[in-house]
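Structural overview
Chain residues, written in single-letter form:
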Amino acid sequence: MTSTVPVAAPELEEIEGTSLWRDAWRRLKKNRMAVAAAAVLGGIVLFCVAGPLFVPYSFDEQNLEYGARGPSAEHWFGTDLHGRDLLVRTMYGGRISLAVGLAATLVSLTIGVAYGAIAGYFGGRVDAIMMRVVDVLYTLPFMFVVILFLVLFGRSIVLLFVALGAVSWLTMARIVRGQVLSLKQSEFVDAARAAGVRDLAIVFRHLVPNALGPIVVYATLTVPRVMLEEAFLSYLGLGVQPPMASWGLLVSDGANNMMLHPHLLIFPGLLLTLTLFSLNFLGDGLRDALDPRMRT
Amino acid sequence: MIRFVLRRILGIFPILLVVFTFSFVLMRVAPGGPFDAEKPVPPEVKRNLELRYRMREPWCEARFLPALQGVRSPDEERALRRASPWASRAERVCTGLFQYGWMLGNYVRGDFGPSYKYKDRSVNEFIRAGMPVTLQLGLLAVTFALGIGLVAGLVAAVYQNRWPDHLAMIAALLGISVPNFVLGPVLILVFSLGLLWFPPARWESLSHVFLPGLTLGSAYAAYVARLTRGGMLEVVRQDFIRTARAKGLPERLVILRHALRGGLLPVVSYLGPAMAALFTGSIVVERIFNVPGMGRYFVDAAINRDITLAMAVVVVNAVFLLVANLVVDVVLGILDPRVRYE
Amino acid sequence: MNRASARALVVALALESLVGACERDRPTFGPETRRHRDNVLYVGGGSEPESIDPGKSYDGPGIDVIRELFEGLLRYDPKTLEPLPGAAESWEVSEDGRRYVFTLREGLVWSDGTPLTAHDFEWSWKRVLAPETAAQYAALFWDIEGGKAYNLGSGSRDDVGVRALDDRTLEVRLERPVPWFLSLLPFAPFCPVPRHAVERHGMAWTRPENIVSNGPFRLVRWIPNYEIVLERNPTYWDRDDVRLDGAVLVVSEDTHSMLRLFRAGELDWLGSNVRPPPEYVPHLRGKADYREDRYLGTYFYWINLREDRNPGSPLKDRRVRRALLLATDREAIVRHVARGGQRPADGVVPDIFFEMGYPRPSPVPFDPEEARRLLAEAGYGPGGKRFPTIEILYNTHEGHRQIAEAIQQMWKRHLGIEVRIENQEWKVFMSNRLEGHYQLARAGWIGDFLDPYSFLSQFLSDSDANEARWKNAEFDRLLQLALSEPDTRRRYALYAQAEAILMEELPVLPIYYYSQNTLIGSWVRGFHPNAQDIHPLRSLWLEAAP
């Protein structure tokens, strides 16, 4: 028996994995809303990344005398209070917001998955202690922690990624732990263990890939949440440093000036909402596709 | 079950101690003190202030940095500290420990201590004044969230994959996707400055509480709608519903009497953390609508380095969250026969 | 027309009037007539007062409340802010200007009916000086004999030169003549506090249920971060001259929400602690309820000259500092960024003093050409050294951000200098500024009293407020000389000489002189703009109020 198992385990995983993903892909393609959301998202990313190449303005060139004006043939989105082109600022802002969303999610993914998987796999006292830590961290208000984090370590964009990621890994850890807890009873884990595969290798090579479905789903839903949190930080004046801007900063400026210059809110606000919208739709679609049972 | 509840309540205290310690350390290591101001006070006066608020401890100074007591200017003190960094650090840690002990002693007596920024007031007063308001606002928001969310979720589930479903779910996603610092001003612009239906801010009468409640509740309404829909769809597939239908019960009764109970479980388990999140979620709403709650202190007190006030709101928030979770678990146990208390 | 489209029209009209039509149809930003019916003034109060204890308060909003609740020996003239008789009906000053004797009015009482005597003043002033009070304004009393020693813990309470000679006579002895001493007396820390209430209630004596005061108003309600409600004090000696029944101060740090409250008619006056956001000003100008006046303050950037910081920084070269100033288009900043009626600053002493006979400093032009020349002379620019990236530090605030961004652009465009602007949260910012961890840092200085000394003294070599750690013996000497000069004209001339040295050396880049702009309903009467934006409520009244 021992001789066949090492071969069998990966094979088993392989087969199950492929069919799972293939099935999911098929289901996802059938979900028109999700496909549309993905297309919109792709369009927005392209707009933000490649857009500035086609706009003859820089994001920080001011024209104080010109000031804030509504859309025109020269400035499609109009200009902001400093007379800067809002179109190009919205594109750059999008880059930052998307980058914050992705990077912070990646951070939270890394911490959350590693943490949850280890806790779930080793179980017992290790699990109890690790999860108690998570419980405690849950009770800390995230804004409070992020503010002091940014105050302590300075205000660079990288730190913004880390700070936002570092406060949003808790739920991810719980999900992964739950998955690993139920998966580790599976035969292929027993088999791998019997074959002498080291614990950490089992966790990261066998268990985590099998829990990938919920992880992907939750990560997709984390991106819009983190983007909203960044917007909130910007509203408090703690986000990115000028002359750079994120959608959050543009939107909070816009909300303040809505009475006089509605275009300052409308354009970045529309893009931000559309992006969050698509991300949520895509997340829902993925969830339906990967795990039809956990439809919520 | 009583043993379960008792054990959980006892378990709250060590968590609170950790939260207390963690927030104390965070507040103390953050640069900038509560008494740094644009018009600097003379160093001697600042010293008096720091002694009074336990930011300085004569015993620690005498023990680790005796030279400090003759120092009369901030530049001198800086130079001295730079000259002996280790002694300076030891003195700081020592002072911090004294302050920690002092505050912990206060907490044991149910006293959050004096506010570092608002010199006439104790932190207890801020909590006492702000908590009821935040609770009212929170309850209002939850009411909105449940009212709108449950109906939308039910409708969506009943008309699954038809247009009312799509409409409700798009509205829900919109609720999640619009930051409340945008929603608030937009609502004010339309409903109070435009239509003159509601006052634009303040917390006086029923008409004042409507817009802030709606603003705060909208995101939660969206979540509740999605959870209700999901929960209902899950339940509807189960056997006992099929049985009920097979028995020829009218669809309305099937949904309301049988499916709803099970379908609401996810909503109930969501409500615990959500209620607590309302505390911190109300920061923006309190600001925009001039609501005298305590949510604002999560940000303001941290920024002002009002150590005692900041720690108090963090600890109160933790208590609230832990209790809310406990209540949810108990309610879940009553609603769902599958749950067993360990 | 059906109901739905009628409603849509209402919304459209309402939005339209908000966005653009104000200038044409309505000469006001808020409502044309008052919404409230009572004889109570609704005012924006700014942020939550840190303290309304006259002995402990150190913040603008707190001091504004104290001015209504308490009255010192003297009070402010609402038009000129000259001191008028308050609790004291008369006073005498000795020949050498070091001894003051005040005579209190007869029959003064606290709001609870307890008699108010000179002993209350003696006790209150000594309380400010007591080290255990930890009063932040204690240094204002250091000119009183023995005051500094007692405050610092080396002297005794009995040696402080404040003494009640009898119930109605207070004697004050000063260490040195202070030309503006009388003008300090209406200020919060010099107000009396009720010993009996303080001793009974301790820290909680300022609570509405405990407080005892002697000013034109008394405190009815104080909800933190929400409102402070005042009503006319029936025991105030001049109660018949107080025309408002009371006032509600709406406490909020969110200027946009205050602006909306004013627009909806919930506020009669935006208050002196809340400024309309700059981007609204162009639309507010010309409205009947908007006003814009000069204010006793200067906005500038510190340049760090500390020897132990930023070694080798080009900013230590005076020519570079001059070049930066010349390349800053302060006119454009004032007109397009600050937008609130500020004036470009050519020095640190605000232009309000110019009318009072203070010599105008020589104007600093906007001259990028000359700036580049100076920079080249200092060895930077084409053919010279590369100018390192410099950093402007400012605290998180929309207005500061916009100015810093504009300056960043100007220096880049005109001098080719790369500027990083670093926005820090307030306490971190202050701590870095005080510790000297900065190259350029934004600052604003508001005068405490109507004398240029209030602006120049921060540049004294030994001043703690001298954040550049700029040292100039001649400057110190001129200021010292000015202090002992009783004649105003000649004192001003000495100040001006000192300021000229400052502008030569440039430890600061002056940007603009502050303005005070506000929204106030046309029905509020008795409002007089003045240098320090101090408006005692007792001199305001509401038109057509009952």
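Residues numbered from 1 in each chain as written. Chains lettered and ligands numbered in written order. Predicted model: local features only at pLDDT ≥ 70, side-chain atom pairs only at ≥ 80, totals over all residues. Heavy atoms only, no water.

Some details on the interface of chain B and chain C
Here is the rule we go by: The contact definition used throughout considers only heavy atoms, calling two residues in contact when any of these lie within 4.5 Å. The term buried area refers to how much accessible surface (probe radius 1.4 Å) is lost by two components on association, counted for both of them together. Every case where a carboxyl oxygen of Asp or Glu lies within 4 Å of a side-chain nitrogen of Lys or Arg is listed as a salt bridge. Counted as a polar contact is a pair of N or O atoms within 3.5 Å, where, for protein atoms, one must be capable of donating a hydrogen and the other of accepting one, and residues adjacent in sequence contribute only when both atoms are in side chains.
Chain B puts 53 residues into the contact, and the matching count from chain C is 68 residues. Roughly 5,400 Å² of surface becomes buried between chain B and chain C when both sides are summed, with 55% attributable to carbon and sulfur atoms. In this structure, the connection of chain B to chain C is made through six salt bridges. For the interface between chain B and chain C, the tally reads 19 residue pairs in polar contact (both at pLDDT 80 or more).

Some thoughts on the interface of chain A and chain C
The parts lose accessible area when they come together, and the size of an interface is often stated as this lost area. Each partner contributes to the interface: chain A provides 24 residues, whereas chain C provides 31 residues. Around 2,500 Å² of area is buried between chain A and chain C when both sides are counted, 51% of it from carbon and sulfur atoms. Scanning the region where chain A abuts chain C turns up two salt bridges. With a shortest N-O distance of 3.0 Å, C:Arg401 and A:Asp253 are connected by a salt bridge. Summed over the shared surface of chain A and chain C, the number is four residue pairs in polar contact (both at pLDDT 80 or more).

A word on the packing of helix α5 (residues 142–153) of chain A against helix α10 (residues 212–235) of chain A
The description of two packed helices rests on the angle between their axes and on the distance between the axes. All names here are of chain A. Filter applied, for reference: Fitted lines through C-alpha atoms give the axes, limited to the stretch in contact for helices. The angle between two N-to-C directions lies from 0 to 180 degrees. Numbering of helices and strands runs from the N terminus; a helix is a DSSP stretch of H or I covering at least four residues, while a strand is a stretch of E covering at least two. Each crossing is labelled by how the near helix is turned from the far one, with a counterclockwise turn of less than a right angle marking it left-handed and a clockwise turn marking it right-handed. In this classification, Asp, Glu, Lys and Arg are treated as charged, Ala, Val, Leu, Ile, Met, Phe, Trp, Tyr, Cys and Pro as nonpolar, and every other residue, Gly included, as polar.
The interhelical angle for the contact between α5 and α10, taken along N-to-C directions, is 65°, at an axis separation of 12 Å. Remark: the crossing between α5 and α10 carries right-handed chirality. Every residue of α10 that contacts α5 at Phe-142, Met-143, Val-146 and Leu-150 is listed here: Glu-229, Phe-232 and Leu-233. Within the contact of α5 with α10, the residues separate by chemical class into six nonpolar, no polar and one charged.

Looking at the side chain of B:Asn48
Within the secondary structure, B:Asn48 sits in helix α2 (residues 43–52). Not counting residues within four places of it along the chain, the set of residues in contact with B:Asn48 comprises C:Pro131, C:Ala134 and C:Asn151.

Details of the sheet that holds strand β15 (residues 440–446) of chain C
Each strand in a sheet pairs with another by means of backbone hydrogen bonds, the pair being arranged parallel or else antiparallel. Residues and elements named next belong to chain C. Rules: If DSSP finds at least two bridges between two strands, the strands pair.
Spatial strand order, β12-β16-β11-β15-β13-β14: six strands in an open sheet with mixed pairing. Each edge of the sheet is formed by a strand with only one pairing partner; in this case those strands are β12 (343–344) and β14 (419–424). Examined bridge by bridge, strand β11 (residues 290–303) and β15 share seven bridges and lie antiparallel to one another. By the bridge assignment, Trp-302 is partnered in β15 with Ala-441. Strands β11, β13 (390–395), β14, β15 and β16 (508–519) of the sheet are contacted by helix α14 (residues 398–415), whose axis makes an angle of about 165° with β13. Taken strand by strand, helix α15 (residues 426–435) contacts β11, β13, β14 and β15, and its axis lies near 100° from that of β15.

Some thoughts on the nonpolar core
Residues and elements named next belong to chain C. Applied cut-off: Only buried residues count toward a nonpolar core. Its members are Ala, Val, Leu, Ile, Met, Phe, Trp, Tyr and Cys residues joined through side-chain atoms within 4.5 Å. Throughout this description, buried means an accessible area under 20% of the type-specific maximum (1.4 Å probe, protein chains only), exposed means over 50%, and partly exposed covers the range between.
Core analysis: the largest hydrophobic core is formed by 167 residues, its most contacted members being Leu-41, Leu-73, Trp-125, Tyr-301 and Trp-411. In terms of residues, this core owes the most to one element, helix α18 (residues 488–505), which gives eight residues. Discounting chain neighbours no more than four positions away, the residues touching Tyr-301 are Ile-392, Ile-403, Ala-404, Ile-407, Leu-440, Ala-441, Arg-442, Pro-507, Val-508, Leu-509 and Ile-511.

Some points on the domain arrangement of chain C
Residues and elements named next belong to chain C. To keep things clear, this is the line we draw: As annotated, the domain borders come from an automatic or database domain assignment.
Along its sequence, chain C is organised into domain 1 (70–209) and domain 2 (295–516). Using only C-alpha atoms to locate each centre, domain 1 and domain 2 end up separated by 36 Å. The junction of domain 1 with domain 2 conceals about 630 Å² of combined surface from both sides, 69% of it contributed by carbon and sulfur atoms. Of all residues in domain 1, the largest losses of buried area upon contact with domain 2 belong to Arg-176, Pro-179 and Trp-180, amounting jointly to 62% of the total for that side. In this assembly, domain 1 and domain 2 are joined by zero salt bridges. For the pair domain 1 and domain 2, the number of links is zero residue pairs in polar contact (both at pLDDT 80 or more). Residues of the side of domain 1 that touches domain 2, tallied by class, amount to four nonpolar, two polar and one charged.

Observations concerning helix α13 (residues 297–304) of chain B
Summarising burial for α13(B): eight of the eight residues are buried, a large majority. Once α13(B) finishes, B:Arg305 follows within two positions and takes phi at roughly 55°, a positive value.

With respect to the packing of aromatic side chains
Let me state the cut-off plainly: Whether two aromatic rings pair depends on their centres lying within 6.5 Å, for rings of Phe, Tyr and Trp, where Trp uses its six-membered ring; planes under 30 degrees apart make the pair stacked, over 60 edge-to-face, and the rest tilted. Note on geometry: a ring has a charge over it if NZ (lysine) or CZ (arginine) is within 6 Å of the ring centre and within 35 degrees of the ring normal.
Summed over the entire model, instances satisfying the criterion amount to 52 aromatic pairs over all chains. When the centroid spacing of 5.8 Å and the interplanar angle of 80° are considered together, the rings of C:Trp125 and C:Phe141 count as edge-to-face. Of the two residues, C:Trp125 is situated in helix α4 (residues 118–129) and C:Phe141 in the loop between α4 and α5 (147–151); the sequence distance between them amounts to 16 residues. C:Trp125 gets classed as buried once you look at its relative accessible area, which sits at 0%. A network of ring pairs unites the aromatic residues C:Phe353, C:Phe354, C:Tyr358, C:Phe455, C:Tyr492, C:Tyr495 and C:Tyr513 as a single cluster. Between B:Arg121 and the ring centre of B:Phe126, over which it is positioned, the NZ or CZ distance is 5.7 Å. Over the ring of C:Tyr226 we find B:Arg202; its NZ or CZ atom is 4.4 Å from the centre of that ring.

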